[in-house]
Amino acid sequence: MKTYAGIPEENASLEASKVVLVTVPYDGTSTWGKGADKGPELFLDASENMELYDIETGTEPYLEGVYLAGEITEKSSPEAMTEAVYQKTKELLQNDDKLFTLFGGEHSVSIGSIRAVGEKYENLTVLQLDAHTDLRPEFHGSTSNHACAVFEANQKHNLVQVGIRSMDVEEVEYLPEGRVFFAHEIANNENWVNDVLEKVSGNVYITIDLDAFDPSIAPSTGTPEPGGLQWYPTLELLRGVFEKCNVVAFDIVELMDSPYAKPSAFLAAKLYYKMLAYYHINQD
């Protein structure tokens, strides 16, 4: 039996786990760097090579259990993939006592999961860490394109965007007013973490495109953009969100295969595990 991070089977059953993890190896609409379909495999491999004690929190998050809920392989069309993710997320959300997590794939995989989570939880804030706004209504003839990843979320929920440093002029009109934290502003604002936390409340879905990070620490993504987020300030933000709010789900996307994938894969693995640690210490 394959388990997340190679943890013992006793910590990996659905019954024993407080976290469920679904993977979506999809890369159907990316337009430059290809290879995000290999992201989940790289992430799971890196996770098996982590130390499972988290120094910062003094905990071993895996002891709370992580259930590998399988992978979604639908790729006949972007819309079919979105529907498959939506249905699988709805199914897993029936487990009220478990945190739903997803690892992509390109960012379009988040559309279906955010849709399902938004149907279950009222007053949802979607916190997006990303280099790109992803606010196009449609792109290349599809509303399920990676460039449209949070358009629907912005229409239905409280969208907060962090790390943005690339967008198309057509997206300007869709920016969530007062809730966009551009990278160039973050670079000159020592209080940016607290400013973001003021905009985040209630039930929260966190979606992290790894290109939110600076390419110096996460180069293996589909569209690496200079001037991104750094590791420790990002962890400070995430820990603050878990302390303040009810995080009901999160995803990490856009890990890309490349000759230099290992550092980015290990960052993704550590990031996921850190978020589990922050989740568990705030459940007691």
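Look a little higher up for the structure.
Report follows, based on the coordinates. (Residues numbered from 1 in each chain as written. Predicted model: local features only at pLDDT ≥ 70, side-chain atom pairs only at ≥ 80, totals over all residues. Heavy atoms only, no water.)

Looking at the overall build of the protein chain
Next, step 1: From N to C terminus, the protein chain includes eight helices and eight strands.
Next, step 2: In terms of C-alpha radius of gyration, the protein chain reaches 17 Å, essentially the compact-globule figure of 19 Å for 284 residues.
Next, step 3: Taken along the three principal axes of its C-alpha coordinates, the protein chain extends 50 × 45 × 40 Å.
Next, step 4: Taking all contacts inside the protein chain whose residues are at least 6 apart in sequence as the whole, residues at least 24 apart take part in 77%. (Helix = DSSP H or I, 4+ residues; strand = E, 2+ residues; numbered from the N terminus. Rg over C-alpha atoms; globule rule 2.2 N^0.38 Å. Contact = heavy atoms within 4.5 Å.)

Some remarks on the nonpolar core
Next, step 1: In terms of nonpolar packing, the biggest core is built from 56 residues, with Tyr4, Phe43, Leu127, Val162, Ile206, Leu271 and Tyr272 touching the most fellow members.
Next, step 2: A per-element tally of this core places helix H8 (residues 261–281) first, with 11 residues.
Next, step 3: Beyond its immediate sequence surroundings of up to four residues, Leu271 is in contact with Ile208, Leu210, Phe213, Trp231, Leu235, Leu238 and Ile252. (Core = buried A, V, L, I, M, F, W, Y, C linked by side-chain atoms within 4.5 Å. Buried < 20%, exposed > 50% of the residue type's maximum accessible area, 1.4 Å probe, protein only.)

Some remarks on the pairing of strand S7 (residues 203–209)
Next, step 1: Burial within S7 is extensive, with seven of its seven residues counted as buried.
Next, step 2: On S7, burial covers both faces: Asn203, Tyr205, Thr207 and Asp209 on one face and Val204, Ile206 and Ile208 on the other are all buried.
Next, step 3: As defined by bridge partners, strand S4 (residues 124–129) adjoins S7 across six bridges and the pair is classed as parallel. Considered in S7, the bridge of Thr125 is made with Val204.
Next, step 4: Pairing analysis gives seven bridges linking S7 to strand S8 (residues 246–253), with the strands arranged parallel. In the sheet register, Asp209 faces S8, and the bridge partner there is Val253. (Pairing = 2+ DSSP bridges.)

A closer look at the packing of aromatic side chains
Next, step 1: Enumeration according to the criterion identifies nine aromatic pairs in this entry.
Next, step 2: Pairing Phe43 with Tyr272 gives two aromatic rings, centres 5.3 Å apart and planes at 70 degrees, and the pair type is edge-to-face. Taken together, the residues span a long stretch of sequence, with Phe43 in helix H1 (residues 39–47) and Tyr272 in helix H8 at a distance of 229 residues.
Next, step 3: Of the residues examined, Phe43 reaches a relative accessible area of 0% and is grouped as buried.
Next, step 4: We classify Tyr272 as buried; its relative accessible area is 0%.
Next, step 5: Geometrically, the ring pair formed by Phe242 and Tyr279 is edge-to-face, given 6.5 Å between the ring centres and 80 degrees between the ring planes. In this pair, Phe242 is assigned in helix H7 (residues 231–244) and Tyr279 in helix H8, connecting sequence segments 37 residues apart.
Next, step 6: Through pairs of rings, three or more aromatic residues link up here, namely Tyr4, Phe43, Phe103, Phe250 and Tyr272.
Next, step 7: Looking at Arg136, its charged tip hangs above the ring of Phe139, at a distance of 4.4 Å from the centre. (Phe/Tyr/Trp six-rings, centres within 6.5 Å; stacked < 30°, edge-to-face > 60°. Lys NZ or Arg CZ within 6 Å of the ring centre and 35° of its normal.)

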